[in-house]
Every structure is written in structure tokens, then in C-alpha cells.
Amino acid sequence: MYWRCKNRLNSGIWYLNALHAYTYVQYQHPNLSFLMLLAQHPVIRPLVELDTKSLENMLPEIPLWIKNPDFDRIDWLNKFIETMWPYLDKAICKMAKEIAKPIIAESTAKYKIDSVEFETLTLGSLPPTFQGMKVYTTDEQELIMEPSVKWAGNPNITVLVKAYGLKATAQVIDLQVFALPRITLKPLVPSFPCFAKILVSLMEKPHVDFGLKLLGADLMAIPGLYGFVQETIKTQVANMYLWPKVLEVQIMDPAKAQKKPVGILYVNVVRAVKLTKKDLLGKSDPYVKLKLTEDKLPSKKTSVKRSNLNPEWNEEFKLVVKDPESQALELTIYDWEQVGKHDRIGMNVIPLKDLTPDETKYVTLNLLKSMDANDPANEKFRGQLTIDVTYKPFKEGDSDIETTDESGVIEKAPDGTPEGGGLLVVIVHEAQDVEGKHHTNPYARILFKGEERKTKHIKKNRDPRWEQEFGFVCEEPPINEKMQVEVISRPSSLGIHSKESLGYIVISLADVINNKRINEKYHLIDSKNGRIQLELQWRTS
């Protein structure tokens, strides 16, 4: 009954409005018929029937995620930018000064200007806002985003120019920038930050508006200058970065980021002699840490030899090599302490490029304070370390490689691997729906035959993505062995709660040994909905 009355009321109001309009038009134009009036009445159409361009023309201030279904709403990003803006302001301004310094130096010399200095440089208190974001998925190793950026800021940019004995101050105010950039992260790699390059393009000419004051006068008030300056800036920026032209920012060397293991380094830590005394009683408790440079895996350690300045170890280690031309074996001897920091006795390195493949090299190294050649502390004798080291590269050639559908190649025959042995590779991709009671800062821990490996930890994330690779050298196929992978949440530095287990899995390795490779998602034990995706490869001779 209510809706029927309401509809009748609305119909009556429309009729009265139409009658009133007709009476007014008839008074103004007595020859215009009522039928002609009705013919000129606009057709009312729902908004859902309008195309994107019509909506943009009718509702220019409506966010793109409302007008265009391809754009996603990203209010969380605006909140993040708003919170971080005071810090981003300082960081961006500092970077802008560094970028502008060589450009200003070149311009001052060219135009015989004495100096150009920033008196003030701040982007103000109003951060840019993102009206929406479009994300593209492709079959390539890349991520493509197109955010709609609007910034109506209150910056204070004042530049002091000195030339021919005169000073002039120019101030930029009331800056407005509307842009639709395309940001491409490529290639995606399994090393943090997980992409090697950032490519930026503009999908259309940006809108740029600002005020410019010189000696207190508003230059933009000069007739014709405002339009000329604005169109010049648009054209220049578009010529440089309008798609398909791009601004390329290199983050890391993609060749190094995507390197796969190419061999194994066998290290036998034999002995040390005449080590420096570190303890009050004239003794030391030495042990050796060894690792490869450019490798984010934890260092390997020898046992601790108590109260001994001439320790004998004869302990063997195996390290996975990715780039023998740039990597080096780093060896450091520490004095073990039960309480407090362990004191460093000395260190040295062996570049892998100095090793002849498949030949054992016996080396006695003088321990140094640091690897700085100009450090005078290196002249002091700290003892010597003796080791045996052998680099054994994997065999090359098509006959030794088995291609896979996703992971590229699996090395089939590492040279010098013990009969029946090989390399067990574990790639920790990601986890989903992991959640702790007190905090969720997850990392993954791998336990295999007494060895422990850990991924980086990611703060406040229920769906962490690690994409980290670990290798275990095995003397024989671990067909009867099991591997445990646990997801753990690490507390913040000021947290009152200890670390939490977010779930774990135990994997029997028989399938990996038989099939050479598996890539699966596992449901985590002791987790309500948590899952983890792991890829395991068995590279054999």
C-alpha cells in the first residue's frame, strides 16, 4: 500500500511539473503544441545503460572503480600513503635534489648562471590519492599495474637563482597533477624484492596545473602564458614517457637474480695455528664460520675447540655455487663466548675464480682484521687457517639436462657427486590463510637431516610470498628420509608474546626421488585453513 501511494504521489508530482513547464512554454511560445513539447522531453535512462565515456563526461569526479569495472578499489593504499606521507615527502624531496644537482650544474654552465639553489622544497601536507587501479595478468614473468593518480597538493618549492650579480626567487604553488601511468615490474625473480626492473609509462597526456610566482608577482596571470606553459609541459612529458616509451629503473641484475646452481664447493677445514688470545686466562675457544658471498643462506659452522690456540678440525662442508666468477668463499674464526657477543679473531676469503675446477687446492691463509687493504690493523699477526677446497661444476650439455614445464631446467649430472648422490632443491613459494593468536609475521623453517634453513620473515601478512630456494647436498638418495617444513610467526621487537607456530607439514621424499620434481600445495597441520606451496627437485648423477 505504501509503495502504491508513493508511486502515485511521484506520478502526480511529475504531472504537475510537466503541466507547469507546459504552461510556461505556452506563455513564451504560444505556437508550440503540447505534442511538440512532449517530443522534446528527454528520455530517462538508468546509469547502468551508459557507456564508460558518457559516465566520465557526466560524473568527472566519481572514482574510476565506480565508473569502470576494470579498475579495483584501493582505499587501503590511500590510507597507507596518508600515514607515510610525511616520511615520503622528505625522501622524495631528497631524491629530487640529488637528481636535479647534475642537471642544474649543466644548465648553469650552459647559460652562464652563477647558481641555482632550493631555498625550500616540500611537497606539503596533502598526499596524492589513487582513484583505482587496473591490474593485468600475462603469461610473462611480469606484473602490470595502471593506477589512476590525482594530486591536488600544497607544495612549497622555492628556487633562488643568481646571475649577473642579480638574485631572483621563483616559487611553485598550488600544484595539481592527474595522471594514468602504467607500472610494470619485470622480470619476476626469486630474490628480494622479487623483481629486477620497474618500467613506467603514461597511457595518456597528464594534466598538470600550478602557480608560479616571481618576485611576488603571479606569472601565470600573464595573458596566454598559462596555457602555453601547461601545454608545453604536457607535450614534453608525453614525448618522453607516453606509451610505448618507458622510463626504466634498474633494481637488480636479472641475470644474477635468476642464476641457478652450477656446481658444488667442497671445503675441508683442517686446522688453525697461533691464534690470538681472546680470553682473560690466555686462551680462546675458536670455531670457523664459512659461507659464499652473494648467498643469503645461513653460514655453516665448525665445532668449538675449547681452550685451544692451535685447533684441529678436519671437518668437511659442501656449498652450492651459483656464480664462480663473482662469488668467493668467506672464512671467519670466532672466539666462542657463553654469554655475550662472540669475538672475531680474524678472517680471509678465497675467490672461486682462482680455483681450477675438479682440482683440490691446499691453502694456508693469514687471518686479517678486515678485507680492507688499507686497514693498518691487518699488519698485526692473528694466526693462520689451513683448508682444502675443491670446486666441482655440474656437467654441461643438452644430454645432461632434463627440461620441465615450469621451473626451466633440472641439472642431471653434477660432476664429482658421490655415486648415487645428488642435490635436493627446495623452493618455498608461498603460504595462504596462516594466522597466529597474537601476531602474524610469518617465515618458513626447513628441517632436513639436522640442517635448518629459514626464509625471510614478512610482517603482518596472512598470505606471505617468499619465492626462496635452498639446496641440500646428499651422499645418497634420501628415499627413506622425511623433511619437515614449519611456518612460524616472529614477534615484533617490542612484542610481549613469543614466536608462534602457524602450522607444519612432514614430507616423505620418496616421490621426489622417483619423479625428480614435485610442486604441490599442502594443508598445514595444526592450522585451521593454512596451506603452503613447495617445489622440490632431485638433481642426480
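So, here is what we can say about the structure in this document.

Rules behind the numbers
- Residues numbered from 1 in each chain as written.
- Predicted model: local features only at pLDDT ≥ 70, side-chain atom pairs only at ≥ 80, totals over all residues.
- Heavy atoms only, no water.
- Pairing = 2+ DSSP bridges.
- Helix = DSSP H or I, 4+ residues; strand = E, 2+ residues; numbered from the N terminus.
- Axes fitted to C-alpha atoms, helices over the stretch in contact; angles between N-to-C directions.
- Phe/Tyr/Trp six-rings, centres within 6.5 Å; stacked < 30°, edge-to-face > 60°.
- Buried < 20%, exposed > 50% of the residue type's maximum accessible area, 1.4 Å probe, protein only.
- Lys NZ or Arg CZ within 6 Å of the ring centre and 35° of its normal.
- Core = buried A, V, L, I, M, F, W, Y, C linked by side-chain atoms within 4.5 Å.
- Contact = heavy atoms within 4.5 Å.

So, on to the sheet that holds strand S21 (residues 422-432). Taken in spatial order, the four strands make up an open sheet running S24-S21-S28-S27, and their pairing is antiparallel. Lying at the two open borders of the sheet, with one neighbouring strand each, are strand S24 (465-474) and strand S27 (517-523). Between one strand and the next, the sheet's axes are offset by a mean angle of 20°, whatever the strand orientation. Of the strand pairs in this sheet, S27 and strand S28 (residues 531-540) are connected by seven bridges, and their pairing is antiparallel. The residue of S28 that forms the bridge with Tyr-522 is Ile-532.

The tally for this structure, following the rule as stated, stands at three aromatic pairs. Residues Trp-85 and Trp-151 carry aromatic rings whose centres are separated by 6.1 Å and whose planes lie at 70° to one another, so their mutual orientation is edge-to-face. Here Trp-85, found in helix H5 (residues 75-110), pairs with Trp-151, found in strand S3 (residues 143-152); they are 66 residues apart in sequence, far enough to count as distant. Among the residues examined, Trp-85 registers a relative accessible area of 6% and is labelled buried. Note on Trp-151: relative accessible area 11%, which makes it buried. Ring centres 5.3 Å apart and planes at 75° place the aromatic pair Phe-448 and Phe-472 in the edge-to-face group. In this pair, Phe-448 is assigned in strand S22 (residues 442-448) and Phe-472 in strand S24, connecting sequence segments 24 residues apart. Classification of Phe-448 by relative accessible area gives buried; the value is 2%. The ring of Phe-472 carries the charged tip of Arg-453 above its face, separated from the ring centre by 4.5 Å.

So, about the nonpolar core. By size, the foremost hydrophobic cluster in this structure holds 29 residues, and its most contacted members are Leu-424, Val-428, Met-483, Ile-532, Leu-534 and Leu-536. Sorting the residues of this core by element identifies S21, S22, S24, strand S25 (482-489), strand S26 (500-508), helix H8 (510-515), S27 and S28 as the ones contributing at least two each. Residues contacting Val-428, with those up to four places away along its chain left out, are Ala-444, Ile-446, Thr-455, Trp-466, Glu-467, Gln-468, Phe-470, Ile-532, Gln-533 and Leu-534. If you look at the next biggest cluster of nonpolar residues, it comprises 27 residues, including Leu-319, Ile-345, Leu-355 and Val-389.

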